[in-house]
Amino acid sequence: MAPTLNIGIVAHVDAGKTSLTERLLYDTGAIDRLGRVDAGDTRTDTGRIERERGITVRAAVAPFTVGDTRVNLIDTPGHTDFVAEVERALTVLDGAILVLSAVEGVQAHTRVLMRTLREAGLPTLLFVNKTDRAGARPDGVLADVRRRLAPNALPLGTVEDPGTPDARTVPFSLDDPGFAARAAEALAEQDDALLAAVVDGLPLPPAAELAERLAAQTARGLVHPVLFGSAITGADIDALLSAVTGLLPAAGPGPEDGEPRGTVFAVERAPSGEKTGYLRLFSGRLEPRARVAFDRADPGAAPHKGRITRLEVVGAESDRGRALTAGEIGRIGGPPGLRVGDRLGPPLPGAPTARFARPSLESVARPVRAADAPRLHAALTALAEQDPLIRVRTVPGEGVSVLLYGEVQKEVVAATLAGDFGVEAVFEPGRTVHTEQVTGVGEAVEAIGSQPQDGFWATVGLRVAPAGRGEGVRFDREVEPGALPAALDRAIEETVHLTLEQGLYGWPVADCAVTLIRSGFSSVFSTAADFRSLTPMVLMRALHRAGTRVHEPVHAFEADVPAGALGPVSAALSRGGAHVRDAAPAGEEWHLTGEVPARAVHPLQRALPGLTGGEGVLLTRPATSRPVTGTPPRRPRTDGNPLDRAEYMIWLNNAGPRKT
Ligand SMILES: Nc1nc2c(ncn2[C@@H]2O[C@H](COP(=O)(O)OP(=O)(O)OP(=O)(O)O)[C@@H](O)[C@H]2O)c(=O)[nH]1
Ligand SMILES: [Mg+2]
């Protein structure tokens, strides 16, 4: 079978990812009409909002073939509000094309993406697009790339007539001694034999061998070839295609034996509600009509089972009824609970995992027409159901609140509600989502027979203790394995995770070690519902004894500012509550690192251009949290109040615990 390459196209907003995807599809004959973003008729921007606004919101897969290589391109969104969509696409890629604009050059978001690609160890080509546009400055952008993005960038050509419709790249050849020397120098850093040759001025290996070493280091993400071109005029797309097939490592055909392992990285929902998932298979085979069990991305959640009823191999749609093999992407349907992040089989060792940064904004959605409240609730629940990055909470007396990354995502959710579900909604200004950290150790037990009249057929004893930062909620058992039937044991574990989404102050408990210290059941009367109902009361009592402290989210930041702007920028950082750890001169700039509260990130981003004459860059990423000073903010609970038995029992009788 032909080797398959799964390649992501990533970049800052408007760099030309979708236009480039369209161009690659057209030039390789996968489509016979070239669509345009500005006309709203490209192959990968298919959502109504995407077509109307010309921005990409969801990752989309587009297959084509070059020579005997099948390529699955994944076009991703560029707006920072959708960076989580990019992160999860990264988990299924063999390589990436990081696109820059020859006019705008290296943007702050380009650097964030480059760092993420490097951490994921993904082979990455750099493509400097828009060489045709007025103001294109490929040489300046290349210098910028070396200085601020990737010192080990190796240009494979030089652009003539930049900034005109005739802009064309003259490719370099490894047969040319000048380019061979530059390539050897770029590769020498990771290659001792080459380093010796370069330093001592010895003869370099022949062109073919240099080309092999270039491909090998590109495949390991150690060096980044740079190409230039234009998605709009189509200039130099052939060189990009040769680099894709010649320098990026193809995935397959991978190991076909053993159980299938794969990840669902996108889910589409038809107006009928039917779901289609995109599954990248890493190893094994997936037969049409196979029975499968998917593991959820959420900790503690039960696997969901189902039968595959639809299976199309992306790029081989005409080959109906064939199995999906390792390295390929399949479009699957059948299991009703299909969600992004679902996993088939255990993860491959060393496979990149998405570290979904939690959204740190929460905003209450209100229906424009009061009568629409139930439909709004149903629509938001449906959205959250297919996408784990959208989280909703029903707050009694307040409405439904949604966790969000930013304002553009808010607009997109509102437009999706109106367009796909026919519900008009407005969002209130967002508030920062806090977390709670456990400060001590607490235990609580409730046993069958020792309870009041309203007792449950369940014995549950839990201990709550602090856990290491970033460990999340851990669940362990001190009771003998097998002491409880598996269904009851799982009911406790799932309920522990659900309950800790709201700690003593109503915020999620970030890190916590929960231990089951006692358990018991009646083989005649006990049901999972008894355990689901009782566990929150025991757990919250233990948590109350342990105590928690409210933390606010903090981002790690890196800032590059011109020397002249150091004073005003430092002052703005400290007003925002930032803590500068290190400040060091780097050329004409200063490089600052430290932490900044999440709430201060957007105001600082807005102020920076004014403070630095447009030269400053502020990179941030969610990193940690720190205790709030003063009165901790509270968030209303949604699950009754398990600390108040009477109130909780009333809630239980009316609404009941959420079932998973
Ligand atoms: N002149 C010129 N314009 C380009 C080129 N590539 C893209 N554009 C234009 O740049 C704008 C953005 O292009 P898109 O392809 O939507 O960019 P994108 O990176 O997919 O944008 P997002 O998905 O929203 O992040 C459109 O108006 C394109 O016509 C190019 O090579 N030359
Ligand atoms: Mg796009």
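Before reading further, recall that the structure is shown in the block above.
Residues numbered from 1 in each chain as written. Chains lettered and ligands numbered in written order. Predicted model: local features only at pLDDT ≥ 70, side-chain atom pairs only at ≥ 80, totals over all residues. Heavy atoms only, no water.

(A) Expanded view of the overall build of the chain. Across its full length, the chain carries 16 helices and 32 strands. What you see for the chain is a C-alpha radius of gyration of 27 Å, in line with the 26 Å of a compact globule of 660 residues. For the chain, the spread of C-alpha atoms along the principal axes amounts to about 90 × 65 × 55 Å. A buried classification covers 54% of the 660 residues belonging to the chain. Put simply, of all contacts in the chain between residues at least 6 apart along the chain, 74% involve residues at least 24 apart. For the chain, the exposed surface amounts to about 28300 Å²; the carbon and sulfur share of it is 52%. Computing the positive centroid from 71 side-chain charges and the negative centroid from 82, the chain places the two 7 Å apart. (Helix = DSSP H or I, 4+ residues; strand = E, 2+ residues; numbered from the N terminus. Rg over C-alpha atoms; globule rule 2.2 N^0.38 Å. Buried < 20%, exposed > 50% of the residue type's maximum accessible area, 1.4 Å probe, protein only. Contact = heavy atoms within 4.5 Å. Areas by Shrake-Rupley, 256 points an atom, 1.4 Å probe, with all protein chains shown as cover. Lys, Arg positive; Asp, Glu negative; His and termini not counted. Charge placed at Lys NZ, Arg CZ, Asp CG, Glu CD.)

(B) Layout of helix α11 (residues 407–421). Taking 1.5 Å of rise per residue, 15 residues should cover 21 Å, and α11 covers 20 Å from first to last C-alpha, within 8% of that figure. Every buried residue of α11 is listed here: V408, Q409, K410, V412, V413, T416, L417 and F421. Of the residues flanking the end of α11, it is G422, one or two places downstream, whose phi is positive at about 65°. (Expected span 1.5 Å × (residues − 1).)

(C) The coordination of the magnesium ion (ligand 2), seen in detail. Listed as protein donors to the magnesium ion (ligand 2) are T18 (OG1) and T56 (OG1); their distances from the metal cover 2.0 Å. Placement of the pair is T18 in helix α1 (residues 17–27) and T56 in the loop between α2 (48–53) and β2 (60–66), with a sequence separation of 38 residues. No difference in accessibility class separates T18 from T56, as the two residues are buried. (Donors = N, O, S within 2.8 Å, 3.2 Å for Na, K, Ca; no water.)

(D) How the structure looks around the site of ligand 1. With respect to spatial proximity, 20 residues lie near ligand 1, and among them K17, S19, D38, T56 and D132 are the closest. Interatomic distance of 3.1 Å between a backbone N/O atom of G78 and an oxygen atom of ligand 1. N129 has a polar side-chain atom sitting 3.0 Å from an oxygen atom of ligand 1. Bound to the protein, ligand 1 loses 90% of the 650 Å² it would expose on its own. Examining the composition of the shell around ligand 1, we find that 3 residues originate from one element, α1, more than from any other. In terms of residue class, the shell around ligand 1 is built from 6 nonpolar, 8 polar and 6 charged. (Near = heavy atom within 4 Å. Polar contact = N/O pair within 3.5 Å; in protein donor to acceptor, adjacent residues only side chain to side chain. Nonpolar A, V, L, I, M, F, W, Y, C, P; charged D, E, K, R; others polar.)

(E) Here's a closer look at the sheet that holds strand β5 (residues 124–129). With mixed pairing, 7 strands are arranged side by side in an open sheet as β2-β3-β1-β4-β5-β9-β6. Pairing within the sheet leaves two strands with one partner each, and these edge strands are β2 and β6 (153–155). When the angles between neighbouring strand axes are averaged without regard to direction, this sheet yields 30°. With 6 bridges connecting them, strand β1 (residues 4–11) and strand β3 (residues 69–75) associate as parallel partners. When the sheet's bridge partners are listed, L5 is paired in β3 with V71. Packed on one face of the sheet, helix α4 (residues 108–119) meets β1, β4 (95–101), β5 and β9 (224–228) and runs near 165° to β4. (Pairing = 2+ DSSP bridges. Axes fitted to C-alpha atoms, helices over the stretch in contact; angles between N-to-C directions.)

(F) Main features of the packing of helix α13 (residues 528–546) against helix α16 (residues 645–654). Axis separation between α13 and α16 bottoms out at 12 Å; the angle between their running directions is 155°. The angle between the axes of α13 and α16 places the two elements in the roughly antiparallel class. Where α13 crosses over α16, the handedness of that crossing is right-handed. On α16, the residues touching R532, S533, P536, M537 and R541 of α13 are R645, Y648 and L652. Split into classes, the residues belonging to the contact of α13 with α16 amount to 4 nonpolar, 1 polar and 3 charged. (Parallel < 35°, antiparallel > 145°, perpendicular 65-115°, else oblique. Left-handed = near helix turned anticlockwise from the far one by under 90°.)

(G) Structural view of the side chain of E552. Note on placement: E552 falls in strand β29 (residues 548–562). One polar contact links E552 to R599, side chain to side chain, over a distance of 3.0 Å. Filtering out sequence-adjacent residues up to four positions away, E552 remains in contact with H434, P597, R599, T624, S625, R626 and V628.

(H) Molecular detail of the sheet that holds strand β26 (residues 459–465). If you walk across this open sheet you meet the 4 strands as β25-β26-β28-β27, and the pairing is mixed. Of all the strands in the sheet, the pair left with one neighbour each is β25 (442–446) and β27 (473–477). Going across the sheet, the axis of each strand differs from the next one's by a mean of 20°, ignoring polarity. Summarising the sheet, β26 and strand β28 (residues 512–520) pair through 7 bridges and their orientation is antiparallel. Bridge pairing in β28 links V464 to V514.

(I) Examining unusual backbone geometry more closely. Positive phi is not limited to glycine here, since D14 has a value of about 70°. Note that D14 resides in the loop between β1 and α1. Looking at D14, the relative accessible area reads 54%, which means it is exposed. At R289, a position not held by glycine, the phi torsion is positive, near 70°. By the element assignment, R289 lies in the loop between β12 (285–286) and β13 (291–295).

(J) Quick peek at the packing of α1 against helix α9 (residues 237–247). Packing of α1 against α9 brings their axes to within 11 Å, and their N-to-C directions diverge by 85°. On the basis of the axis angle, α1 is roughly perpendicular to α9. Contacts between α1 and α9 involve L20, R23, L24 and D27 on the former and, on the latter, I237, L240 and L241. Tallied by class, residues from the contact of α1 with α9 come to 5 nonpolar, no polar and 2 charged.

(K) Quick look at the side chain of T495. Within the fold, T495 resides in helix α12 (residues 486–499). For T495, the side chain forms a polar contact with the main-chain oxygen of A491, separated by 2.5 Å. Not counting the four nearest positions on each side in its chain, T495 is found in contact with R532, T535 and P536.

(L) Spatial organisation of the pattern of salt bridges. Counted by the stated rule, this structure contains 41 salt bridges. A salt bridge links E287 to R285; the nearest nitrogen and oxygen atoms lie 3.1 Å apart. With a relative accessible area of 37%, E287 lands in the partly exposed category. With a closest N to O distance of 2.9 Å, R477 and E493 form a salt bridge. Taken together, the positions of R477 in strand β27 and E493 in helix α12 put the pair 16 residues apart, joining distant regions of the chain. Given a relative accessible area of 36%, R477 falls into the partly exposed group. (Salt bridge = Lys/Arg side-chain N within 4 Å of Asp/Glu carboxyl O.)

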